[in-house]
Amino acid sequence: MPAPQPFAWLRPSDPERKAPATGRTVLAAVLTGLLTSWLLTGGLGVNLLLCALVVTAGAGIAARAAGRRLRGWTVLWSVLALALLTVPALHEAHWPVLLSTVWAVALASLALHGGRRWSGVLLALPGLLWQLVPGLVWARGSLRGGGNGRGRVVPVLKGVLVAAVLLTVFGALFAGADAAMADVLGSLIPSLDLGELPARAALFLLGLATALGFAHIAAGPRRWDRTAVRPGRARGRLEWAVPLGALNLMFGAFAVLQAVVVLGGAESVLERTGMSRSEYARQGFWQLLVITVLTLVVVAVAKRWAPRGTAADRRLARLLLGALCLLTLVVVASALGRMWFYVDASGLTALRLWVLVVEGWLGVVFLLLIVAGLTPSVGWLPRAVVLSAALAAALYGLSGPDALVAEQNVARFERTGQIDLRNVRGLSPDAVPALDRLPGDHRTCALGVLVAEVEDGAHLPWYATSLAEARARDILAGRPVADRLADGKGACDRVGLRYDFSFGG
């Protein structure tokens, strides 16, 4: 009898049919590598979306060769992934761009793998990571085998090489003969620097491996839904229900106290505690956020060990878990209310906006859990949770978080005459249109560091520049901030903000 293999439960069944790599699939991957090495060294902009469209075409070719049919969820995940990749073309804020890119890659992997159960959905999201090397081996094996793939790819690659040589020679001649032609070519072709060759080679390999990895999945995905996950050992009714009932009582007591606070008015609470509005809000939000996350863990563990031997056991489990989820919504509402209380008192920041989004999404997850407890079938729940997270990431990225932060702070200044410039000085060029409305020294202080960032990106071609950066460049060209470091420091001093310029913001 063979010895049991470690982590066998993580090893899904191999695909029933793995279609070989076709010539068109390999060509799409090579084109992706060329585009990434050509475009992504300057910046993201629309470049990432252009590369993704070629990757999508290559994966589609591989899927068609394997005889796979297009399904509704595949289309939904793919459209969401491409929508997330429009964020770099619209905005400059680094964290939303990174979040959107990671989620786009994860959703593309889920679209090609498929999946309905928790194991199928969660293990498919990072599925590309362990297909990067196998995808290269898959394509290499197809080409080494000769036949149709090699016969189509090699002549086309030779043709591409000859075309590149011809375009380089004649492009240089045309650029020397006509200034307008030189300007057009200069805006389309990035400058070549020998020092950039290692970075361009790495980007080519990354683009090639990514395209072949997705095509390899499309040609024969691993069925993570078939992963055997053993259910947890059901606990006795008292052993399971007593701690969960006690936790429900504590959550219920918190809900009652929150109702008393709401009815009694926030001002009376502030008078009794002696706290300021911002101190009261700041004190409770982070603890409530941790409570929300921990409760999600408790619900998952309790569901796994819930008694399920009889219908009465199953009803008890639904009742206690449903009550806990419902009471957690009170915690979520209280956390959101406290953070908004804090924002009203001190202004919005990028971090505060992010945690508001996360807390709001957690509230949606608990709503989905409540609905799942009321329905006879919960097969829809894993995809619904992932869909809610993807939609939250898309709305967060496409809304332009830095622009929202700047707009809220500027509107608050216009309403009250108060602004904490530390909340806006570290924002991206997305914030320039709102900050441009500030008067005099406030404007100079707020835009002092952003001017340098916008100027540094002025040399980038149009396809490596986001819409937000182009808009910021136009605004600052029309109303420049002169001598950004000296005037900025003096302006910050005059409006009461002490700022250390030696660290650049």
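Notes on the structure follow. Predicted, not measured: the structure shown is a model, and the values here were computed from it.

### Some points on the pattern of salt bridges
Overall, the coordinates contain six salt bridges when judged by the stated rule. Its salt-bridge partner being Asp420, residue Arg422 comes within 3.0 Å of it at the nearest N-O pair. Given a relative accessible area of 22%, Asp420 falls into the partly exposed group. In the salt-bridge network here, residues are joined through shared partners; they are Glu407, Glu414 and Arg437.

### Some remarks on a nonpolar patch on the surface
A grouping of Val293, Val297, Val301 and Trp305 is seen on the molecular surface, where their side chains present a nonpolar patch of about 310 Å² in accessible area. Counting through the fold element by element, Val297 comes out in helix 13 (residues 277–305).

### Here we look at the nonpolar core
Residues Trp103, Leu107, Trp240, Val386, Leu435 and Leu438 are the most contacted members of the largest nonpolar core, which totals 81 residues. Top contributing element to this core by residue count: helix 14 (residues 311–346), with eleven residues. Setting aside residues up to four positions removed in sequence, Leu435 forms contacts with Ala406, Val410, Val424, Arg443, Ala446, Leu447 and Leu450.

### A few points about the side chain of Thr328
Mapped onto the elements of the fold, Thr328 is located in helix 14. A distance of 2.6 Å separates a polar side-chain atom of Thr328 from the backbone oxygen of Leu324. Those residues in contact with Thr328 that sit more than four places away from it in its chain are Phe251, Thr292, Thr295 and Phe366.

### Focus on the packing of helix 3 (residues 72–84) against helix 16 (residues 381–398)
Contact geometry of helix 3 with helix 16 gives a least axis separation of 10 Å together with a crossing angle of 25°. Considering the angle they form, helix 3 stands roughly parallel to helix 16. For the crossing formed where helix 3 meets helix 16, the hand is left-handed. Contact residues: Trp73, Leu76, Trp77, Leu80, Ala83 and Leu84 in helix 3; Arg383, Val386, Leu387, Ala390, Leu391, Ala393, Ala394 and Leu398 in helix 16. Among the residues making up the contact of helix 3 with helix 16, the classes are represented as 13 nonpolar, no polar and one charged.

### Brief notes about helix 14
Taking 1.5 Å of rise per residue, the 36 residues of helix 14 would be expected to cover 52 Å, and the 52 Å separating its terminal C-alpha atoms lies within 8% of that figure. At the C-terminal side of helix 14, Gly347 shows a positive phi close to 100°.

### Some words on the packing of helix 2 (residues 47–65) against helix 10 (residues 197–219)
Direction vectors running N to C along helix 2 and helix 10 enclose 30°, while the axes themselves pass 8 Å from each other. When the axis of helix 2 is compared with that of helix 10, the two are roughly parallel. Relative to helix 10, helix 2 is oriented so that their crossing is right-handed. Together, Val55, Gly58, Ala59, Ala62 and Ala63 of helix 2 and Ala211, Phe214, Ala215, Ala218 and Ala219 of helix 10 make up the contact between the two elements. Residue classes in the contact of helix 2 with helix 10 are distributed as nine nonpolar, one polar and no charged.

### Some words on the environment of Ala108
With respect to the helices and strands, the residue Ala108 is situated in helix 5 (residues 94–113). Overall, Ala108 belongs to the partly exposed group, its relative accessible area being 21%. In sequence terms Ala108 and Thr56 are 52 residues apart; their C-alpha atoms lie 8.8 Å from each other. In this view, Ala108 contacts Ala81 and Phe214; residues no more than four positions away in its chain are not counted.

### Quick notes on the packing of aromatic side chains
Considering all chains together, one arrives at four aromatic pairs under this definition. Taken together, a centroid distance of 5.1 Å and an interplanar angle of 35° make the contact between Trp73 and Trp77 tilted. You can see Trp73 and its partner Trp77 sitting in helix 3, four residues apart, about one turn around the helix. Owing to a relative accessible area of 32%, Trp73 belongs among the partly exposed residues under this scheme. Here Trp354 and Tyr396 contribute two aromatic rings whose centre-to-centre distance is 5.3 Å and whose plane-to-plane angle is 55°, an arrangement assigned as tilted. Of this pair, Trp354 sits in helix 15 (residues 350–374) while Tyr396 sits in helix 16, placing them 42 residues apart in sequence. Residue Trp354 is classed as partly exposed on the basis of its relative accessible area, which comes to 24%. Tyr396 sits in the buried class, given a relative accessible area of 5%.

### Some details on the environment of Arg140
Mapping Arg140 onto the fold places it in helix 7 (residues 132–144). A relative accessible area of 51% means that Arg140 is categorised as exposed. The spatial distance from the C-alpha of Arg140 to the C-alpha of Ala21 is 8.7 Å, given a sequence separation of 119 residues.

Analysis parameters
By convention here, each chain's residues receive numbers from 1 onward along its written sequence. Since the coordinates come from a predicted model, pLDDT governs what is reported: local features require at least 70, and pairs of side-chain atoms require 80 or more to be given and counted, while whole-chain, interface and lining totals use all residues. Note that the side-chain values use all heavy atoms of the structure and ignore hydrogens as well as water. By salt bridge we mean one thing: a side-chain nitrogen of Lys or Arg within 4 Å of a carboxyl oxygen of Asp or Glu. Categorising residues by exposure relies on relative accessible area from a 1.4 Å probe, with only protein chains included: less than 20% of the type maximum marks a residue as buried, more than 50% marks it as exposed, and the intermediate range marks it as partly exposed. A residue counts toward a patch only above 30% relative accessible area and without a salt bridge, and it is joined to like-charged neighbours within 9 Å or, for Val, Leu, Ile, Met, Phe, Trp and Tyr, to nonpolar neighbours within 5 Å. Each accessible area is a Shrake-Rupley result for a 1.4 Å probe, and residues are judged covered by the shown protein chains and nothing else. Helix and strand labels come from DSSP, where a helix needs a run of H or I of at least four residues and a strand needs a run of E of at least two; each type is numbered from the N terminus. Residue types Ala, Val, Leu, Ile, Met, Phe, Trp, Tyr and Cys, when buried and joined through side-chain atoms within 4.5 Å, form a set referred to as a nonpolar core. Contacts between residues were defined by any pair of non-hydrogen atoms, one from each residue, lying within 4.5 Å. Between N or O atoms, a polar contact is any pair within 3.5 Å; within protein, one atom must be a potential hydrogen donor and the other a potential acceptor, and residues adjacent in sequence are included only when both atoms are from side chains. Axes here refer to lines fitted to C-alpha atoms; in helices the fit is confined to the stretch in contact. Angles between the N-to-C directions go from 0 to 180 degrees. Here the angle decides the label: under 35 degrees means roughly parallel, over 145 means roughly antiparallel, 65 to 115 means roughly perpendicular, and every other value means oblique. By convention, the crossing between two helices is left-handed when the near helix turns anticlockwise from the far helix through less than a right angle, and right-handed when the turn is clockwise. Throughout, the ten residues Ala, Val, Leu, Ile, Met, Phe, Trp, Tyr, Cys and Pro are labelled nonpolar, Asp, Glu, Lys and Arg are labelled charged, and all others, Gly among them, are labelled polar. By definition here, a helix of n residues has an expected span of 1.5 Å times n minus one. Two rings from Phe, Tyr or Trp (for Trp, the six-membered ring) form a pair when their centres sit within 6.5 Å of each other. Planes less than 30 degrees apart are called stacked, planes more than 60 degrees apart edge-to-face, and all others tilted.

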